[in-house]
Amino acid sequence: MGLPSLAEADPLRLRGDALAETQGSSSPTGLIVLQGEDAPRSWVGVEGLVWAGARSSTVTGDVLVLAVRVREPHGYTEARVGRFVLATGAVHPVQIDGAHLIARAPWGSVVETFGGLPVAPRFGARSYDWIAGGRVAQTVASVGTLGVSYVQRREDGEISNEELGVDLATAPAKWLDVAAFGAYDVTSPGLAEARASAAVRWTDWRVELFGSQMSPGRLLPATSLFSVLGDMASQTVGATVRWRAAPRLDLLASGAGQDVAGGLGSNGWVRATLRLDDRGAGSLGLEVRRVDVPGVQWTGVRAIGAVPLGKGFRYSSEIEIVVPDNPDGRGVAWPWGLSALSWRSLSGWEVTGALEASSTPQQRYEADALVRLTYALGSATPGPQGGQYTGSR
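Residues numbered from 1 in each chain as written. Predicted model: local features only at pLDDT ≥ 70, side-chain atom pairs only at ≥ 80, totals over all residues. Heavy atoms only, no water.

Caption draft 1: Structural detail: the overall build of the chain. Secondary structure summary: the chain contains 2 helices and 24 strands in total. Out of the 393 residues in the chain, the part that is buried amounts to 30%. Long-range pairs, those at least 24 residues apart, make up 35% of the contacts in the chain with a sequence separation of at least 6. (Helix = DSSP H or I, 4+ residues; strand = E, 2+ residues; numbered from the N terminus. Buried < 20%, exposed > 50% of the residue type's maximum accessible area, 1.4 Å probe, protein only. Contact = heavy atoms within 4.5 Å.)

Structure below.
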């Protein structure tokens, strides 16, 4: 909002989104998203994400993301400073106030280091709470990358979590992709989490096999009561298949078996997506999902549609219906629906309005209205259906 009213088109690219939502008149909330980049000097960027809300006479808000990214033009070094979500290699995502530094060598070596304070709501006190670590990775013959990471987290000066991680990503052939990572808990020795997947592609088919092992108690800080009371490990093994049945029709199916604390279960879904044009600006989709694990059993259907109406207008709608096996007096079905209409102008303005209605186990009925207003400044911003706008703003 501090920008002058007159700006040149070429050097600066900015985007701002303001979103407001209210459930009745007692709890309005808002979200502000700001992104900026200097086009001739694309080595620097700024991102901000802020939310605000009120209930009765109490007003609250917080900064979710506020970070500056500086990147060497050739990509050899990169730095990110501020509040952001850290995620790299086998390090579990964590929101921090700190810095993340990356150095890359021409021969494929990467060295990362990071450190900071875990985020507390509204910049609350964090005495002697911090997180630090790093990652070293090497790319071999442009077909695979192997990384090793270490992270330590302290609360009140005491070690609450310490992990060693290994991550691997490789494409030994044009038709094969393999990825895996694992994290070992040093504080309470044992495997915290491990995931692996392998995907095979040929013509119009893609088949992926995946599996995971997770120990929730080891993912929590050692000071957590849940990690003391017990650790219920879970294992998942499954597969996903995609078939391009026609140039504009994709069919997908996925299924997995689960073992949670000795209780066997499964989940799966099938989905069909029909693109209404070659660019995918409009599409229709249908999905059927089934979840059957101990304590949770339900079947759901989801229908999705998005249609460009021309002259910058676009309409989209989603409908879901979930039928639980054991309603327990919470309704025989839980419907949810969302309809939205958006308009984007050549001057960079975009207006979106949406209406959402649902019936859940917690609420017999609920309706929400949402309006989003966006204005973009820059020499080239996305236009309708993937095009670009040009000119001064």
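Caption draft 2: Highlighting the packing of aromatic side chains. Inspection of every chain in the model, using the stated rule, returns 3 aromatic pairs. Between the aromatic rings of Trp-202 and Trp-205, the centroid separation amounts to 6.5 Å while the plane-to-plane angle is 15 degrees, which identifies the pairing as stacked. You can call Trp-205 partly exposed: its relative accessible area is 33%. An angle of 40 degrees between the planes, with centres 6.3 Å apart, marks the rings of Phe-313 and Trp-343 as tilted. Of this pair, Phe-313 sits in strand E19 (residues 313-324) while Trp-343 sits in strand E20 (residues 334-344), and the two are 30 residues apart along the sequence. A relative accessible area of 32% means that Trp-343 is categorised as partly exposed. Every member of this aromatic cluster is reached through a ring pair, and the members are Trp-202, Trp-205 and Trp-243. Here the basic side chain of Arg-271 rests over the ring of Trp-269, its NZ or CZ set 4.3 Å away from the ring centre. (Phe/Tyr/Trp six-rings, centres within 6.5 Å; stacked < 30°, edge-to-face > 60°. Lys NZ or Arg CZ within 6 Å of the ring centre and 35° of its normal.)

Caption draft 3: Representation of the pattern of salt bridges in the model. The tally for this structure, following the rule as stated, stands at 19 salt bridges. Here Asp-325 and Arg-290 are joined by a salt bridge, their closest N and O atoms 2.7 Å apart. Of this pair, Asp-325 sits in the loop between E19 and E20 while Arg-290 sits in strand E17 (residues 283-293), and the two are 35 residues apart along the sequence. Arg-344 is the partner of Glu-350 in a salt bridge, and the nearest nitrogen-oxygen pair spans 2.9 Å. Judged by its relative accessible area of 23%, Arg-344 falls in the partly exposed class. Several salt bridges share partner residues, and in doing so they unite Glu-112, Arg-135 and Asp-167 into one network. (Salt bridge = Lys/Arg side-chain N within 4 Å of Asp/Glu carboxyl O.)

Caption draft 4: Quick look at the nonpolar core. The biggest cluster of nonpolar side chains holds 9 residues, and these are Ala-67, Phe-84, Leu-86, Val-91, Val-94, Ile-96, Phe-114, Ile-131 and Val-151. Secondary structure elements with two or more residues in this core: strand E5 (77-88) and strand E6 (91-104). Here this core takes 3 residues from E6, the largest share from any one element. Setting aside chain neighbours within four positions, we find Ile-96 in contact with Gly-82, Arg-83, Phe-84, Leu-86, Gly-115, Leu-117, Pro-118, Val-119 and Ile-131. (Core = buried A, V, L, I, M, F, W, Y, C linked by side-chain atoms within 4.5 Å.)

Caption draft 5: Expanded view of the environment of Phe-114. By secondary structure assignment, the location of Phe-114 is in strand E7 (residues 109-118). Expressed as a C-alpha distance, the spacing of Phe-114 and Ile-96, which sit 18 residues apart in the sequence, is 9.8 Å. Setting aside chain neighbours within four positions, we find Phe-114 in contact with Leu-86, Thr-88, Val-91, Ala-99, His-100, Ile-131, Ala-132, Gly-133, Gly-134, Tyr-150 and Val-151.

Caption draft 6: Structural detail: unusual backbone geometry. Of note in this structure, Thr-203 is not a glycine but carries a positive phi near 40 degrees. Among the structural elements, Thr-203 can be located in the loop between strand E12 (190-202) and strand E13 (205-214). Residue Thr-203 is classed as exposed on the basis of its relative accessible area of 75%. A positive phi angle, near 55 degrees, is found at Asp-328, a position not held by glycine. Tracing the backbone shows Asp-328 in the loop between E19 and E20.

Caption draft 7: How the structure looks around the confidence of the model for the chain. Per-residue pLDDT for the chain averages 82, and the proportion of residues at 70 or more is 78%. Per-residue pLDDT stays below 50 along residues 379-393; that stretch engages in 42 contacts with residues further than four places along the chain or on separate chains. (pLDDT = per-residue confidence, 0-100.)

Caption draft 8: A look at the side chain of Ser-149. For Ser-149, the position within the fold is in strand E9 (residues 144-155). We classify Ser-149 as buried; its relative accessible area is 3%. Beyond its immediate chain neighbours, meaning those up to four positions away, Ser-149 contacts Ala-90, Val-91, Gly-134, Arg-135, Glu-163, Leu-164 and Gly-165.

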